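Architecture at a glance
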Amino acid sequence: MTPTAEPDRPEFSLDAVRREGLLAPSGTEPVAHDGTGRVSLDFTVEDKEAPPTHKQVRVPPGVSIFDSASWNGIAIDSTCGGHGTCHKCKVRVSPVTPVTRHDARTFSPGELDAGWRLACLAQATRDHDVVVPPLTTRPKAATVGVGRQVILRPAVQKRYVELSEPTLEDQRPDLTRLLDAIDDLEPSPDLHALRRLPTVLREADFKVTAVVVDEALIDVEPGDTTGIRYAIAFDLGTTTVVATLLDLVTGTPVAVASMLNKQQPFGGDVISRISATMLDPAALGRLQDAAAQTLATLTEQVCREGGVPQEQVYEAALAGNATMTALALGISPEPLGVAPFVQTTATPPSVLASEVGLELHPGARVTMFPALGAYVGGDIVAGMLATGMDRDKRVRLFIDVGTNCEIVLSDGHRILSTAAPAGPAFEGGAIRCGMRAADGAIEVVKLVATEERSDVELSVIGDVPARGLCGSGLVDAVAELVKVGLLDGSGRFVPDEVAKEIAPGLADRLTMIGQERVFVLHRERPDSDPAECVVLSQRDVRELQFAKAAISTGWTLLMEELGLEHGDLQQVLLAGSFGSYLSAASAVRIGLVPKLPVLRIIAAGNVAGEGAKMALLSIRERTGALALLEEVTYVELSDRSDFNDRFVDLLAFPG
């Protein structure tokens, strides 16, 4: 996000910064300390939709502002986990801290004067006031996706019964009396249900509704409540979490909401979060709490929107990758991060909702999706369930594009899966002007380079001035530059003289920032300094090449395993939030997906969330998810001796 500078409140002179080697000028150096005592940080956390909140914390001197915030539950935007590489943890600090070279690259002179710093590099060596800009907690996300029709048979069942009252001749226990009246179910009672049973029976004149989930009697409610049955499906993504409230009586969604995973201060990918637990024993608990807060916030939102009390939600389903599932359950993910990449369990148990921080019905359960491997988790199993990868006899390729890209290939008989380490480029990480898919992000790029007209046409989320580039915009920009010839097959910007020949109207957008060539996508004024524009850099192109080469190597090796050619593919499914907004033509042009007619490439949307909904609507589908563990063969790419050679071959853009 771009901070708003306040040049009328300069804290120090940029000339002094440059003169003193990127250190703050005399009079603003941090007070020397001996490592003892505490400093006070007064945080003001801004919010686009509510008044700012304030929190004062005390931390040891020398701790970074980012860590100080994270330790105290204050979320600062970051995708690198506070390692100084993503340049997103922007805060305004007073009194100012020294300016690092990363600060100088990230902020304009006016912003530096106003005290803007990267929180992970700014040390708290004295008392500071810290302003945290609004966190993007409502990213553009796919909330629905490709799914199948299912037979409505949820695990949550209700039976209304009218019982005869006990007499001296009929002294059956209350539970026996209730179960005798339910002839099609044989549930075992929860303690909560037993505690309520005697009171509810008598207050309701023995006219009650039994609430059963799977084989458990979880409650007895007064009167006939058979028309009230709700559940929540969660897609617990590394970046974005989506919740859908379902009416189990009709099988229809009632409300849906999404937000950023509150674990994001620990890093934008699973490796960063696994590393956090390895470096700090207390991080596991904080990550579990962050997951619980995310799920709880979304639960409150969908129930409020749907007008449903949370205690009327009797079940939830959670689809997440192996790391996200482990963290939600408080299980150490460390074995997932080191060879040989072992899961604690492939089939996590159903747990009480309270175990993952959800305040639903006291007896509500949360069912977890099984995982095929350390990096092909429950979210992909849910996606395969939703898209019918095990049922459809067509040759189909399923790709969930993200930091960790999961790939599934079926020839109608065999199903193979694998994972490819794509990196954070698709989420805007490691990209000079990269950002998440939120207001101000360029999501579509089209270059016009004809004899009649030359132009750059942009589509920006929120219809506001462009301030960055999200994943779909990155892919579009590179694909368009390849199409018009300003990027060659190797991924290099062509020389200036070549650019003037092939696209004279666009050639002036090729320029330099420091020692790096860039292409200017958006500038506020014709004379804007390139450093203040939204640009695509040569390094950005390389990041995208590495990501797309990892993905294309994955599906290429799976196709070779099944003896398939590109033309054999009848359908390619692009899953997840990023896949939903990715241009199929651009994906083909850069080699991210096989070279096919674009009509065969389908934006599948949030299929993980669809699979979670199906598991709640039908116990048969839930069984089908478990069956996938036996039907799908996982291929470990790191074991392939030809992976590196194939990866290098696929770095280039297709001719």
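Residues numbered from 1 in each chain as written. Predicted model: local features only at pLDDT ≥ 70, side-chain atom pairs only at ≥ 80, totals over all residues. Heavy atoms only, no water.

1. Observations concerning the overall build of the protein chain
- On a plain count of helices and strands, the protein chain comes out with 19 helices and 27 strands.
- Computed over its C-alpha atoms, the radius of gyration of the protein chain comes to 28 Å, within 12% of the 26 Å expected for a compact globule of 655 residues.
- Its C-alpha atoms give the protein chain principal-axis dimensions of about 100 × 65 × 45 Å.
- Residues classed as buried in the protein chain amount to 56% of the 655 residues present.
- For the protein chain, the proportion of contacts with a sequence separation of at least 24, taken over those separated by at least 6, is 67%.
- Total accessible area on the protein chain stands at roughly 27,200 Å², and carbon and sulfur atoms take up 50% of it. (Helix = DSSP H or I, 4+ residues; strand = E, 2+ residues; numbered from the N terminus. Rg over C-alpha atoms; globule rule 2.2 N^0.38 Å. Buried < 20%, exposed > 50% of the residue type's maximum accessible area, 1.4 Å probe, protein only. Contact = heavy atoms within 4.5 Å. Areas by Shrake-Rupley, 256 points an atom, 1.4 Å probe, with all protein chains shown as cover.)

2. Observations regarding the sheet that holds strand β1 (residues 39-47)
- What the five strands build is an open sheet, ordered β2-β1-β5-β3-β4; its pairing is mixed. Both edges of this open sheet fall to β2 (50-59) and β4 (116-118), since each of them pairs with a single strand only. The average angle at which neighbouring strand axes cross in this sheet is 30°, direction not considered.
- Where β1 meets β2, eight bridges bridge the pair, whose relative direction is antiparallel. From the neighbouring strand, D42 faces β2, where its bridge partner is Q56. (Pairing = 2+ DSSP bridges. Axes fitted to C-alpha atoms, helices over the stretch in contact; angles between N-to-C directions.)

3. Thoughts on the packing of helix α11 (residues 378-387) against helix α17 (residues 607-617)
- Where α11 contacts α17, the axes come no closer than 7 Å and their chain directions differ by 75°. Between α11 and α17, the interaxial angle falls into the category roughly perpendicular. Each of D379, A382, G383, L385, A386 and T387 in α11 lies in contact with α17, whose residues at this interface are V607, A608, E610, G611, A612 and M614.
- The residue makeup of the contact of α11 with α17, split by class, is seven nonpolar, three polar and two charged. (Parallel < 35°, antiparallel > 145°, perpendicular 65-115°, else oblique. Nonpolar A, V, L, I, M, F, W, Y, C, P; charged D, E, K, R; others polar.)

4. Looking at the packing of aromatic side chains
- Overall, the coordinates contain four aromatic pairs when judged by the stated rule.
- The interplanar angle of 70° and the centroid separation of 6.0 Å between the aromatic rings of F341 and Y375 together place this pair among those described as edge-to-face. With F341 in the loop between α10 (334-337) and β14 (351-352) and Y375 in the loop between β15 (365-368) and α11, this pair connects stretches of sequence that are 34 residues apart.
- For F341, a relative accessible area of 29% gives the class partly exposed.
- Exposure remark for Y375: the relative accessible area of 15% places this residue in the buried category.
- The structure contains a cluster of three or more aromatic residues connected by ring pairs, namely F546, F643 and F647. (Phe/Tyr/Trp six-rings, centres within 6.5 Å; stacked < 30°, edge-to-face > 60°.)

5. A short note on the nonpolar core
- In terms of nonpolar packing, the biggest core is built from 79 residues, with I232, F234, V366, F369 and M384 touching the most fellow members.
- Of the residues forming this core, the biggest block, eight residues, is contributed by helix α8 (residues 283-306).
- In this structure, M384 is in contact with L372, M389, D390, V408, L628 and V632, ignoring residues within four places of it in sequence.
- Counting residues in each nonpolar core, the second largest holds 78 residues, with L447, A466, L486 and A584 among its members. (Core = buried A, V, L, I, M, F, W, Y, C linked by side-chain atoms within 4.5 Å.)

6. Side note on the pattern of salt bridges
- Within the structure shown, the criterion is met by 27 salt bridges.
- Note that D184 and R159 form a salt bridge whose closest N and O atoms lie 2.7 Å from each other. Taken together, the residues D184 in the loop between α5 (174-181) and β7 (188-189) and R159 in strand β6 (residues 156-162) connect sequence positions 25 residues apart.
- Note on D184: relative accessible area 45%, which makes it partly exposed.
- By relative accessible area, which is 21% here, R159 ends up partly exposed.
- The salt bridge involving R517 is made with D496; its shortest N-O contact spans 2.4 Å. (Salt bridge = Lys/Arg side-chain N within 4 Å of Asp/Glu carboxyl O.)

7. Some points on the sheet that holds strand β25 (residues 571-575)
- A sheet is described by the order of its strands in space; here six strands give the open sequence β26-β25-β16-β17-β18-β27, paired in mixed fashion. Every interior strand has two partners, whereas the edge strands, β26 (601-605) and β27 (632-634), have only one. Pairs of neighbouring strands in the sheet enclose a mean axial angle of 20°, with direction left out of account.
- In this structure, strand β17 (residues 404-410) lies alongside strand β18 (residues 415-421), joined through seven bridges in antiparallel fashion. Looking at β18, one finds that N404 is bridged to P421.
- Relative to strand β16 (residues 396-400), α11 is tilted by about 140°, and along the sheet it contacts β16, β17, β25 and β27.
- Contacting β18 and β27, helix α18 (residues 619-631) crosses the sheet at an angle of about 55° to β27.

8. Observations regarding the environment of A257
- Relative to the assigned elements, A257 resides in strand β12 (residues 252-260).
- In the structure, A257 is positioned 48 residues away from E305 in sequence and 9.2 Å away in space, judged by C-alpha atoms.
- Apart from the residues lying within four places of it in its own chain, the contact partners of A257 are V241, V242, A243, L298, Q301 and V302.

9. Comments concerning unusual backbone geometry
- Cis geometry marks the peptide bond from S94 to P95, where omega comes out at -5°.
- A339 connects to P340 through a cis peptide bond whose omega is 10°.
- Mapped onto the elements, P340 comes out in the loop between α10 and β14.
- Although it is not a glycine, D205 adopts a positive phi angle of roughly 55°.
- Structurally, D205 is set in the loop between α6 (191-203) and β8 (207-213).
- Despite not being glycine, F341 has its phi angle at roughly 60°, a positive value.

10. A word on the confidence of the model for the protein chain
- Summing up the model confidence of the protein chain, the mean pLDDT is 87 and the portion of residues at 70 or higher is 91%.
- A low-confidence stretch, residues 137-145 stays under pLDDT 50, and its non-local contacts, those more than four residues away or across chains, total 39 contacts. (pLDDT = per-residue confidence, 0-100.)

11. Digging into the pairing of strand β3 (residues 90-94)
- Counting buried residues in β3 gives four out of five residues, a clear majority hidden from the surface.
- Here β3 runs beside β4; their pairing, made up of three bridges, is antiparallel. By the bridge assignment for β4, K90 is matched with L118.
- Where β3 and strand β5 (residues 128-132) come together, three bridges link them in antiparallel fashion. Bridge assignment links S94 to a residue of β5, and that residue is D129.

12. Focus: the packing of helix α7 (residues 270-279) against helix α9 (residues 322-329)
- Put simply, α7 and α9 touch, their axes get as near as 10 Å, and they point 40° apart. As judged from the angle between their axes, α7 and α9 are oblique. α9 is crossed by α7, and the crossing has left-handed handedness. Contacts between α7 and α9 pair V270, R273, I274 and T277 from the former with T323, M324 and L327 from the latter. (Left-handed = near helix turned anticlockwise from the far one by under 90°.)

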